[in-house]
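# Understanding the architecture of this molecule
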Amino acid sequence: MRRASSRGLLVGYLVMVGVCLAAFGFYLTEARRLVGANYTAMVTDLVRAQEDPDRLRLVLDSLLDSPDRIHLGQLNELIWRIPLRIQGLRNHLLRSDLAPARYTPYLEELAYVESRLPTLEQAIARVGIDNELMPGEGRQLRELGMELEEALAWSYSELNELLHRASADQRRFMGRLTLAVAVLLLMLLVAIGGVLLMLRRLQDQRETMRHLSLTDQLTGLHNRRRLLQEAGQAFVRAERQGAPLGLLLLDLDHFKQINDAYGHPLGDEVLIRFARLLEACARRMDVVARMGGEEFAILMPDSDIAAARRLAERILQAVRDMPLPSPAHDARLTVSIGVAEAGEKDDFERLYAQADRRLYRAKAQGRDRAEG
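Treat the numbers as computed from the prediction; the structure is a model and nothing was measured.

Basis of the calculations
- Residues numbered from 1 in each chain as written.
- Predicted model: local features only at pLDDT ≥ 70, side-chain atom pairs only at ≥ 80, totals over all residues.
- Heavy atoms only, no water.
- Helix = DSSP H or I, 4+ residues; strand = E, 2+ residues; numbered from the N terminus.
- Rg over C-alpha atoms; globule rule 2.2 N^0.38 Å.
- Buried < 20%, exposed > 50% of the residue type's maximum accessible area, 1.4 Å probe, protein only.
- Contact = heavy atoms within 4.5 Å.
- Areas by Shrake-Rupley, 256 points an atom, 1.4 Å probe, with all protein chains shown as cover.
- Lys, Arg positive; Asp, Glu negative; His and termini not counted.
- Charge placed at Lys NZ, Arg CZ, Asp CG, Glu CD.
- Expected span 1.5 Å × (residues − 1).
- Salt bridge = Lys/Arg side-chain N within 4 Å of Asp/Glu carboxyl O.
- Axes fitted to C-alpha atoms, helices over the stretch in contact; angles between N-to-C directions.
- Parallel < 35°, antiparallel > 145°, perpendicular 65-115°, else oblique.
- Nonpolar A, V, L, I, M, F, W, Y, C, P; charged D, E, K, R; others polar.
- Left-handed = near helix turned anticlockwise from the far one by under 90°.
- Patch = residues over 30% accessible without salt bridge, like charges linked within 9 Å, V, L, I, M, F, W, Y side chains within 5 Å.
- Pairing = 2+ DSSP bridges.

### Some details on the overall build of the protein
Scanning the protein for helices and strands turns up 11 helices and 5 strands. By the compact-globule yardstick of 21 Å for 372 residues, the protein is too spread out, its C-alpha radius of gyration being 50 Å. When burial is assessed residue by residue, the protein has 40% of its 372 residues classed as buried. Taking the intrachain contacts of the protein between residues at least 6 apart in sequence as the baseline, contacts between residues at least 24 apart amount to 75%. When the accessible surface of the protein is summed, it comes to about 21,200 Å², and 55% of that surface belongs to carbon and sulfur atoms. Averaging the coordinates of the 50 positive side-chain charges in the protein and doing the same for the 51 negative ones gives two points 10 Å apart.

Here it is as structure tokens:
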């Protein structure tokens, strides 16, 4: 159960790590794709608009050399297009995150260009009447065109530099933001991992405490409490299946003399060896427990009195042959056993009392024997 729970916590944590990494990967991909996107449309329109000043100069030069309808049409088209470009850039800038103070001077210059375009349009209209340019008209047209071309070129150039700086600032900001998100995500995963680790440790401690509460600390066998739990379940199964249920109560003979003669540490070692002997003699399905002191018990599901008696005889012989630790290797250890089988209406208390009476009978009749 502990392994399954720990595995579940680990799988849950790994799934969480995978989800967080996938979310961060999606965020990083989208951030890289969208960074500077606010300025992409503006830069695109601005690049197109920067063609207008050069085209204005070229068309004006052509018109002054040859004032025909083709050049007049081209100039009229520019006069119609320039305000649209300016209005598009103005809308982009107003919707952007840029501080108005950064772009207001350039918008004012472009607004001045818009205000001068009607004058240029009137001058062109006069030329279109007879397709001829008077010397004064040509000079006025050239001066006005140069003024507008310079204003447009300066405004667009400054706006282009401003947008590139803003785009670079946004990329740097997104880089720092991505780093901050990565650090926060890492801290979150570490915190979650720490919480899960604490939960696992608490679970391990709880399982350890539960195990200690049901285990004899010296021998590692089940204790009385665990035997009672197992006995309750065994009686339920025996009643449901109609199977027999046997019990052995064992008590080491004259164990106090070993403690008095050789000390309690050696006595503890004897108890541990005896516990391992019982586990070796019993079946895997049997419940071996230490009841306290030198008293032990073996609960035997699906075993009648005869089977319990055979196990008792094997244990008697094994204990006689069990070597004791130095310096008590010359001493001899024996055990007395009470053997009982549960009746139809018995519970564990009656079964235990019956085995206990037979254990004392074995003691009274000379020890090193089994009664049942």
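### Some words on helix H10 (residues 305–321)
With 17 residues, H10 extends 25 Å between its outermost C-alpha atoms, agreeing within 8% with the 24 Å of an ideal straight helix rising 1.5 Å per residue. Inspection of H10 places Ala307, Ala308, Leu311, Ala312, Ile315, Leu316 and Val319 among the buried residues, and these make up the whole buried set. Here the buried face of H10 lies against strand E1 (245–252), helix H9 (264–281), strand E3 (295–301), strand E4 (335–341) and strand E5 (370–371).

### Some words on the pattern of salt bridges
This structure, assessed with the given rule, holds 22 salt bridges. With a shortest N-O distance of 3.3 Å, Arg85 and Asp52 are connected by a salt bridge. Here Arg85 is found in helix H4 (residues 69–95), whereas its partner Asp52 is found in helix H3 (residues 51–65), with 33 residues between them in sequence. Between Asp260 and Lys256 there is a salt bridge, with the nearest N and O atoms lying 2.9 Å from each other.

### Quick notes on the packing of helix H8 (residues 255–262) against H9
Between H8 and H9, the least distance of the axes is 7 Å, while the angle of their chain directions is 140 degrees. The angle between the axes of H8 and H9 places the two elements in the oblique class. Across from Phe255, Ile258, Asn259 and Tyr262 in H8, the residues of H9 making contact are His264, Leu266, Gly267, Val270 and Leu271. Across the contact of H8 with H9, the residue classes tally to 6 nonpolar, 3 polar and no charged.

### So, the packing of H9 against H10
Contact geometry for H9 and H10: axes closest at 10 Å, N-to-C directions at 140 degrees. Taken together, the axis directions place H9 and H10 in an arrangement best described as oblique. H10 is crossed by H9, and the crossing has right-handed handedness. Facing H9, whose interface residues are Phe274, Leu277, Leu278 and Cys281, H10 presents Leu311, Arg314, Ile315, Ala318 and Val319. A class-by-class count of the residues in the contact of H9 with H10 yields 8 nonpolar, no polar and 1 charged.

### A look at the side chain of Ser155
With respect to the helices and strands, Ser155 occurs in helix H6 (residues 135–213). For Ser155, a relative accessible area of 0% corresponds to the buried category.

### So, a nonpolar patch on the surface
Judged by side-chain polarity, Leu179, Val183, Leu184 and Met187 come together as a nonpolar surface patch covering roughly 410 Å² of accessible area. Positionally, Leu184 belongs in helix H6. A relative accessible area of 56% means that Leu184 is categorised as exposed.

### Things to note about the pairing of E1
In terms of burial, E1 is largely enclosed, as 8 of its 8 residues are buried. Burial along E1 is two-sided: Leu245, Leu247, Leu249 and Asp251 and Gly246, Leu248, Leu250 and Leu252, pointing in opposite directions, are all buried. Summarising the sheet, E1 and E3 pair through 7 bridges and their orientation is antiparallel. Each bridged residue has a counterpart across the sheet, and for Leu245 the counterpart in E3 is Pro301. As paired elements, E1 and E4 share 7 bridges and run antiparallel to each other.

### Points about unusual backbone geometry
A cis amide bond, omega 5 degrees, links Ser326 with the succeeding residue Pro327. Considering the arrangement of structural elements, one finds Pro327 in the loop between H10 and E4. Here Arg367, not a glycine, exhibits a phi torsion of approximately 65 degrees, which is positive. In this fold, Arg367 is placed in the loop between helix H11 (348–364) and E5.

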